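# Inside the fold
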Amino acid sequence: MLDIADELRAWCAARREFALATVVAVSGSAPRGPGASLAVDDRGTALGSVSGGCVESAVHELCLDALTSGEGGLHRFGYSDDDAFAVGLTCGGVLDVLVTPVRGGDPVRPVLGSVLDAAAGGARAALARVVSGPPRQLGRALAVHADGSYEGGLDGGEALDRAAAGQVRGLLLAGRTGTAELGTAGGLCGRPLTLLVESSADPPRLIVYGAIDFAAALARIGAFLGYRVTVCDARPVFATPARFPDADEVVVDWPHRHLAAQAQAGLLDSRTAVCVLTHDAKFDVPLLALALRLPLGYVGAMGSRRTHTDRTGRLRAEGVTPSALARLRSPIGLDLGGATPEETALAIAAEFTAVRHGGSVTPLTGGRTPIHRRAAGTKVP
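Treat the numbers as computed from the prediction; the structure is a model and nothing was measured.

## With respect to the sheet that holds strand E11 (residues 205-209)
Spatially, E13-E12-E11-E14-E15-E16 is the arrangement adopted by the six strands of the open sheet, whose pairing is parallel. Looking at strand neighbours, the two that pair on one side only are strand E13 (249-252) and strand E16 (328-329), the edges of this open sheet. As paired strands, strand E14 (residues 273-276) and strand E15 (residues 298-301) are joined by four bridges and run parallel to one another. Bridging from a neighbouring strand, Val-274 pairs with Val-299 of E15.

Written out as structure tokens, the structure is:
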């Protein structure tokens with residue numbers, strides 16, 4: 001649902017009636033994962049996608065039916081062996097899609113609006129909906145905020161709502177979309193209940209150290225990929241917003257001092273990518289010595305193989321352990337054969353994307369690994 005949050009919020013503000021179809025489970029190969037949504041209003045206007053085209057028409061019809069009847073439901077779509085153009089996924093996967101009407105008096109409407117408003121304001125919030133359990137509770141929703149407060153209800157009493165909010169908050173604070181399992185009586189008691197939790201979290205960060213032409217290209221591709229981009233350099237003549245229009249912020253500071261301040265402020269996490277493009281020992285050695293001790297998702301450094309050898313020697317002298325050094329991606333990026341700033345930025349972005357998602361960086365042609373990878377915890381049983 002959060003993939004169409006801005007447009008959906010406008011629909012809610014305009015009091016438009018619509019039905020929301022959301023992928024709640026995936027097995028096998030499928031183009032989109034849990035949380036992908038298609039919304040259809042009473043005029044047939046559609047927002048978003050649940051499958052990249054495979055089953056959109058069928059889901060569109062289910063949404064219109066739900067708007068008319070006021071009844072939602074859980075629907076499964078899989079590959080049709082008899083007719084690849086029938087309703088099904090030609091890629092061979094299976095999707096479970098929850099369809100929920102959102103009309104004037106439907107209880108999900110204010111819950112949905114609360115999460116969308118929070119996301120628009122930059123606050124953390126999560127939407128939790130029942131996707132497996134007693135039929136009367138299917139589609140019931142909670143909006144959970146970072147402080148633990150919540151709105152809505154799962155139609156199972158206060159104990160259930162309180163227990164669910166506690167589990168949902170854990171996923172929210174981790175910035176994850178996934179599932180929560182509990183019982184209808186709260187905790188593990190009662191009939192099994194599964195919630196799909198969609199978390200509105202801050203975007204991942206890309207911090208580029210070194211205000212050079214390669215940094216401008218990397219800032220551009222990082223913004224395109226949805227990262228919050230920071231460019232930092234100690235030289236004010238180079239670190240200017242005019243040179244890096246695609247960066248969210250341009251900072252003049254010594255790189256290691258800036259990274260230390262970010263860590264102390266709690267602004268770094270396991271999704272953060274740090275790219276060191278200075279290839280100057282007085283900047284990058286103290287910076288990398290710190291970065292390799294932090295729980296960052298990616299640390300890469302630009303330079304030749306000779307520079308890398310010299311740099312690792314200096315880092316060892318600074319007390320960086322072999323296990324920490326093994327995390328350093330240097331020379332930075334994948335071997336794509338390009339040389340321009342844009343091609344180099346693509347090679348770097350391809351590497352930190354692969355690291356973040358556990359990609360093999362091998363060609364898909366002739367391979368046997370799944371094309372559509374799923375992050376741990378995103379599949380509903």
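Picking up after the structure, the text goes on.
## Looking at the packing of aromatic side chains
One pass over the full model with this rule turns up four aromatic pairs. Between Tyr-227 and Phe-352 the ring centres are 5.3 Å apart and the planes differ by 70 degrees, which places this aromatic pair in the edge-to-face class. Remark: Phe-352 occurs in helix H10 (residues 341-357) and Tyr-227 occurs in the loop between helix H5 (213-224) and strand E12 (228-233); sequence separation between them is 125 residues. Here the aromatic residues Tyr-227, Tyr-298 and Phe-352 are joined through ring pairs into a cluster of three or more.

## Some remarks on the sheet that holds strand E10 (residues 192-200)
With respect to topology, five strands assemble into an open sheet ordered E8-E7-E6-E10-E9, the strand pairing being antiparallel. Each of the sheet's edge strands pairs with one partner strand only, and the pair in question is strand E8 (150-153) and strand E9 (178-183). Sheet twist, expressed as the average angle between the axes of neighbouring strands with direction ignored, equals 25 degrees. In this structure, strand E7 (residues 141-145) lies alongside E8, joined through four bridges in antiparallel fashion. Each residue of the ladder has a partner; that of Ala-143, found in E8, is Glu-151.

## Some words on the packing of helix H6 (residues 255-264) against helix H7 (residues 281-291)
Packing of H6 against H7 brings their axes to within 8 Å, and their N-to-C directions diverge by 20 degrees. The orientation of H6 with respect to H7, classified from their angle, is roughly parallel. Mapping the contact onto sequence places Pro-255, His-256, Leu-259 and Ala-260 in H6 and Phe-283, Pro-286, Leu-287, Leu-290 and Ala-291 in H7.

## Notes on the UniProt feature "domain: XdhC- CoxI" (unreviewed entry) in the chain
UniProt records the feature "domain: XdhC- CoxI" (unreviewed entry) for residues 11-78 and 119-181 in the present numbering. Across residues 119-181, helical content stands at 29% and strand content at 33%; the span's end C-alpha atoms are separated by 24 Å.

## Observations regarding the nonpolar core
By size, the foremost hydrophobic cluster in this structure holds 26 residues, and its most contacted members are Leu-206, Leu-218, Val-231, Cys-275, Leu-277, Ile-348 and Phe-352. For this core, the leading source of residues is H5, giving six residues. Contacts of Cys-275, omitting those with residues within four sequence positions, involve Leu-206, Ile-207, Val-208, Tyr-209, Leu-218, Tyr-298, Gly-300, Ile-332, Ile-348 and Phe-352. Ranked by size, the runner-up nonpolar core spans 23 residues in total, among them Leu-259, Leu-287, Val-320 and Leu-325.

## Focus on the UniProt feature "domain: XdhC Rossmann" (unreviewed entry) in the chain
Those places that UniProt annotates as "domain: XdhC Rossmann" (unreviewed entry) correspond, in this numbering, to residues 206-351. Helix makes up 42% of residues 206-351 and strand 16%, and the two end C-alpha atoms of the span are 13 Å apart.

## Brief notes about helix H4 (residues 158-173)
Relative to the 22 Å expected for 16 residues at 1.5 Å per residue, H4 spans 22 Å between its end C-alpha atoms, a close match to the ideal helical length. Every buried residue of H4 is accounted for by Leu-160, Asp-161, Ala-164, Ala-165, Val-168, Leu-171 and Leu-172. In a view along the axis of H4, the buried residues occupy a sector of 125 degrees, so they form one face of it. Buried residues belonging to H4 abut strand E6 (125-132), E7, E8, E9 and E10.

## Re the pattern of salt bridges
The final tally for this structure, using the stated rule, is 19 salt bridges. With its nearest N and O atoms 3.5 Å apart, the salt bridge here joins Arg-103 to Asp-106. Take Asp-106: its relative accessible area is 15%, and that puts it in the buried class. A salt bridge links Arg-311 to Asp-284, with the shortest nitrogen-to-oxygen separation between them at 3.4 Å. Linking Arg-311 in helix H8 (residues 305-317) with Asp-284 in helix H7, this pair joins segments that are 27 residues apart in sequence. On the basis of relative accessible area, Asp-284 is assigned to the buried category, the value being 2%. One salt-bridge network, in which partners are shared between bridges, spans Arg-16, Asp-41 and Arg-43.

Conventions used here
- Per chain, the residues get numbers from 1 upward, laid out in the order the sequence is written.
- Local features are withheld for residues below a pLDDT of 70 in this predicted model, meaning they are given only at 70 or higher, and side-chain atom pairs are given and counted only at 80 or more; totals for whole chains, interfaces and linings count all residues.
- Side-chain calculation: all heavy atoms of the structure are included, whereas hydrogens and water are not.
- Paired strands, as defined in this entry, are two strands with at least two bridges between them according to DSSP.
- Secondary structure is summarised from DSSP: a helix means a run of H or I of at least four residues, a strand means a run of E of at least two, and numbering begins at the N terminus for each.
- Ring geometry is summarised as follows: Phe, Tyr and Trp rings, the Trp one being its six-membered ring, pair when their centres sit within 6.5 Å, and such pairs are stacked at plane angles under 30 degrees, edge-to-face over 60 and tilted between the two.
- What counts as an axis is a line fitted to C-alpha atoms, over the stretch in contact for a helix, and the angles between N-to-C directions run from 0 to 180 degrees.
- What sets the label is the angle itself: under 35 degrees gives roughly parallel, over 145 gives roughly antiparallel, 65 to 115 gives roughly perpendicular, and the rest give oblique.
- Residues are treated as being in contact if the distance between any of their heavy atoms lies within 4.5 Å.
- UniProt positions are given in the numbering used here, feature names are shortened, and annotations may be inferred rather than shown by experiment.
- Working definition of a nonpolar core: buried Ala, Val, Leu, Ile, Met, Phe, Trp, Tyr and Cys residues. They are joined through side-chain atoms within 4.5 Å.
- Only protein chains enter the calculation, and the probe is 1.4 Å; a residue is then buried if its accessible area is under 20% of its type maximum, exposed if over 50%, and partly exposed in between.
- Any helix carries an expected span of 1.5 Å times its number of residues minus one.
- The directions from the helix axis to the C-beta atoms form the arc being described.
- Salt bridges are counted wherever a side-chain nitrogen of Lys or Arg sits within 4 Å of a carboxyl oxygen of Asp or Glu.

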